[in-house]
Amino acid sequence: MDDVDDIYMQSWTGTIIGPPQWKGEVILGSDSKDPPMKSKTVHEGRIYQLKLFCGKDYPDNPPSVRFQTRINMACVNPASGMVEPSLFPMLANWQRECTMEDILTKLKKEMMAPQNRKLSQPPEGNEEARFDQKGLVLKCCIL
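Throughout what follows, the structure given in this document is the object of discussion. Source: prediction; values computed, not measured. (Residues numbered from 1 in each chain as written. Predicted model: local features only at pLDDT ≥ 70, side-chain atom pairs only at ≥ 80, totals over all residues. Heavy atoms only, no water.)

### Quick notes on the overall build of the protein
Step number 1: Broken down by element type, the protein carries two helices and six strands.
Step number 2: Starting at the N terminus, the α and β elements of the protein follow one another as β-β-β-β-β-α-α-β.
Step number 3: Looking at the 143 residues of the protein, the share that counts as buried comes to 38%.
Step number 4: Considering only contacts in the protein between residues 6 or more positions apart, those separated by 24 or more positions represent 66%.
Step number 5: Counting every atom, the protein has about 8,400 Å² of accessible surface; 55% of that belongs to carbon and sulfur. (Helix = DSSP H or I, 4+ residues; strand = E, 2+ residues; numbered from the N terminus. Buried < 20%, exposed > 50% of the residue type's maximum accessible area, 1.4 Å probe, protein only. Contact = heavy atoms within 4.5 Å. Areas by Shrake-Rupley, 256 points an atom, 1.4 Å probe, with all protein chains shown as cover.)

### Topic: the pattern of salt bridges
Step number 1: Considering all chains together, one arrives at one salt bridge under this definition.
Step number 2: With a shortest N-O distance of 2.8 Å, Asp 60 and Arg 96 are connected by a salt bridge. In this pair, Asp 60 sits in the loop between strand S4 (47–53) and strand S5 (64–67) while Arg 96 sits in the loop between helix H1 (89–92) and helix H2 (100–111), placing the two residues 36 residues apart along the sequence. (Salt bridge = Lys/Arg side-chain N within 4 Å of Asp/Glu carboxyl O.)

### Digging into the nonpolar core
Step number 1: Of all hydrophobic cores here, the largest spans 23 residues; its most connected members are Val 65, Phe 67, Met 73, Val 83, Phe 88, Ile 103 and Leu 107.
Step number 2: If you list the elements that add at least two residues to this core, you get strand S1 (11–17), S4, S5, H1 and H2.
Step number 3: Ranked by residue count, the leading element in this core is H2, at five residues.
Step number 4: Ignoring any residue separated from it by four or fewer positions in sequence, one finds Ile 103 in contact with Leu 52, Pro 63, Val 65, Phe 88, Met 90, Leu 91 and Trp 94. (Core = buried A, V, L, I, M, F, W, Y, C linked by side-chain atoms within 4.5 Å.)

### Brief notes about the pairing of S5
Step number 1: Side-chain alternation along S5 places Val 65 and Phe 67 on a buried face and Ser 64 and Arg 66 on a face that remains uncovered.
Step number 2: Pairing between S4 and S5: four bridges, direction antiparallel. Bridge pairing links Leu 50 to Phe 67 in S5. (Pairing = 2+ DSSP bridges.)

### Focus: the pairing of S1
Step number 1: Within S1, six of the seven residues are buried, which leaves it mostly tucked inside the rest of the structure.
Step number 2: For S1 and S4, the ladder comprises seven bridges, and the chain directions are antiparallel. The partner of Gly 14 across the bridge, within S4, is Leu 50.

### Notes on H2
Step number 1: Across its 12 residues, H2 extends 17 Å between first and last C-alpha, which sits within 8% of the 16 Å expected from 1.5 Å per residue.
Step number 2: Buried within H2 are the following residues: Met 100, Ile 103, Leu 104, Leu 107, Lys 108, Glu 110 and Met 111. Seen along its axis, H2 keeps its buried residues to an arc of 155 degrees; they face one direction. (Expected span 1.5 Å × (residues − 1). Arc of directions from axis to C-beta.)

### Points about the packing of aromatic side chains
Step number 1: Using the criterion set out here, one finds two aromatic pairs in the structure.
Step number 2: Ring centres of Tyr 48 and Phe 67 lie 6.1 Å apart, and the angle between their planes is 90 degrees; this geometry places the pair in the edge-to-face category. Residue Tyr 48 is found in strand S4, and its partner Phe 67 is found in strand S5; the two are separated by 19 residues along the sequence. Across the pair, exposure class does not vary: Tyr 48 and Phe 67 are buried alike. (Phe/Tyr/Trp six-rings, centres within 6.5 Å; stacked < 30°, edge-to-face > 60°.)

### A look at unusual backbone geometry
Step number 1: Of note, the bond from Tyr 58 into Pro 59 is cis; its omega dihedral lies within 30 degrees of zero at 10 degrees.
Step number 2: The backbone phi angle of Met 9 is positive, close to 55 degrees, even though this residue is not glycine.
Step number 3: Here Met 9 lies in the segment before S1.
Step number 4: Relative accessible area serves as the criterion here: at 46%, Met 9 is assigned to the partly exposed category.

This is the structure we're talking about:
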């Protein structure tokens, strides 16, 4: 939860740690004795902060999801950081049983999708323009 005065528990902060590798492409070691390694994603080791806002109709309708940390992904509006529901199937086909943890997990998997895994990213430390400095009480973290 992100605001201690939010008695309806609508505003949440989430954290995703960028995935280290993706299945598929294999890079051979520089020496024939070196074992093959899995390719890294451009998201490896990056820490992404997100805001999730659950309206009064949650869980019947999905929360809005916005990256505080700047990120380039096919389903994220680059100017606002909003995850576009029409481009992110989990939000487009929302089911009441889905959780905020499910959203963060799917976004992390989306980082490994072919259209996102090698997409150039903004320099790290680029979240100030979107960061809201409220009292952070509880964070949801997907490692």
